[in-house]
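A structural walkthrough
Okay, here's what each chain looks like letter by letter:
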Amino acid sequence: MTTILYFVAGAIFAVAAIATVARIVRGPTILDRMLASDVLLTTVLLVIGAEMVVNGHTRTIPVMIVVAAAAALSTVAVARYVSQQDRPVQDAAPLSGGPGEESRDG
């Protein structure tokens, strides 16, 4: 009975991973791809956790922490990149001579 349960759980994880990879490939925007990669990393975390439960150990907790940190940091990095891409040109910081600076030309 438990073997059937393991196969069903594995099949569900596999379907989730395949559907997520399909969304990463299809896009169409970078935000869709980022969301799908977060779902894929979450699925990886779930697979690692399920493997720990099945085999009765906790050796892969550091791996789970690294995967979770990578997911969080990559989400922040992409969000910052996209927010800078969406910024209008007039809001961009000037290269030199900000407010309150005097010109040295005279």
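Refer to the preceding data block for the structure.
Notes on the structure in this doc start here. From a predicted model like this one, the values you see are computed outputs, not experimental measurements. (Residues numbered from 1 in each chain as written. Predicted model: local features only at pLDDT ≥ 70, side-chain atom pairs only at ≥ 80, totals over all residues. Heavy atoms only, no water.)

**Quick word on the overall build of the chain**
Stated precisely, the cut-off is as follows: Only DSSP runs of H or I with at least four residues qualify as helices, and only runs of E with at least two residues qualify as strands; both kinds are numbered from the N terminus onward. Here's how the labels work: a residue is buried when its accessible area is under 20% of the maximum for its type, exposed when over 50%, partly exposed in between, all with a 1.4 Å probe on protein chains only. Contacts between residues were defined by any pair of non-hydrogen atoms, one from each residue, lying within 4.5 Å. Reported accessibility uses the Shrake-Rupley method at a 1.4 Å probe radius. Residues are deemed covered only where the shown protein chains occlude them.
Check the secondary structure of the chain and you find 3 helices and 0 strands. Burial analysis of the chain (106 residues in total) assigns 15% to the buried set. Considering only contacts in the chain between residues 6 or more positions apart, those separated by 24 or more positions represent 38%. As presented, the chain carries roughly 8,300 Å² of accessible surface, and 68% of it is formed by carbon and sulfur atoms.

**Some details on unusual backbone geometry**
In this model, Gly27 is joined to Pro28 through a cis peptide bond whose omega is 5°. Inspection of the secondary structure assignment puts Pro28 in the loop between helix 1 (2-26) and helix 2 (30-55).

**What about the packing of helix 2 against helix 3 (residues 61-85)?**
Inclusion rule: Helix axes are fitted only over the stretch in contact, all axes being lines through C-alpha atoms; the angle between N-to-C directions runs from 0 to 180 degrees. Here is the rule for angles: anything less than 35 degrees is roughly parallel, anything more than 145 is roughly antiparallel, 65 through 115 is roughly perpendicular, and the remaining ranges are oblique. Note on residue classes: Ala, Val, Leu, Ile, Met, Phe, Trp, Tyr, Cys and Pro are nonpolar, Asp, Glu, Lys and Arg are charged, and everything else, Gly too, is polar.
Here helix 2 crosses helix 3 at 175°, and the two axes come no closer than 10 Å. Put simply, helix 2 runs roughly antiparallel to helix 3. From helix 2, Ile30, Leu31, Met34, Asp38, Leu41, Val44, Leu45, Ile48, Gly49 and Met52 reach across to helix 3, where they touch Ile61, Val63, Met64, Val67, Ala68, Ala71, Ser74, Thr75, Val78, Tyr81 and Val82. The residue makeup of the contact of helix 2 with helix 3, split by class, is 17 nonpolar, 3 polar and 1 charged.

**Some details on helix 2**
Operational definition: One less than the residue count of a helix, multiplied by 1.5 Å, gives the span that helix is expected to have.
The terminal C-alpha atoms of helix 2 lie 37 Å apart, and with 26 residues this matches the ideal 38 Å at 1.5 Å per residue to within 8%. Taken together, the buried positions of helix 2 are occupied by Met34, Ala36, Ser37, Asp38, Thr43, Ile48, Gly49 and Met52. On its buried side, helix 2 packs onto helix 1 and helix 3. Just beyond helix 2, the residue with positive phi is Gly56, at close to 70°.

**Topic: helix 1**
In this model helix 1 runs 36 Å from its N-terminal to its C-terminal C-alpha over 25 residues, within 8% of the 36 Å that 1.5 Å per residue would give. Where helix 1 ends, the next residue or the one after it, Gly27, has phi of about 75°, a positive value.

**Let's talk about the side chain of Thr20**
Take Thr20: it is sitting in helix 1. According to the relative accessible area criterion, Thr20 is buried, its value standing at 7%. For Thr20, the residues in contact, after removing those within four places along its chain, are Ala36, Val39 and Leu40.

**Points about the packing of helix 1 against helix 2**
Test applied: By the definition used in this description, the sense in which the near helix is turned from the far one sets the handedness, with an anticlockwise turn below a right angle giving left-handed and a clockwise turn giving right-handed.
Interaxial distance between helix 1 and helix 2 falls to 8 Å at its minimum, and their mutual angle equals 160°. With respect to each other, helix 1 and helix 2 are oriented roughly antiparallel. For the crossing formed where helix 1 meets helix 2, the hand is left-handed. Only Asp32, Arg33, Ala36, Ser37, Val39, Leu40, Thr43, Leu46, Val47, Ala50 and Val54 of helix 2 make contact with helix 1, whose side of the interface consists of Tyr6, Phe13, Ala16, Ala17, Thr20, Val21, Arg23, Ile24, Val25 and Arg26.

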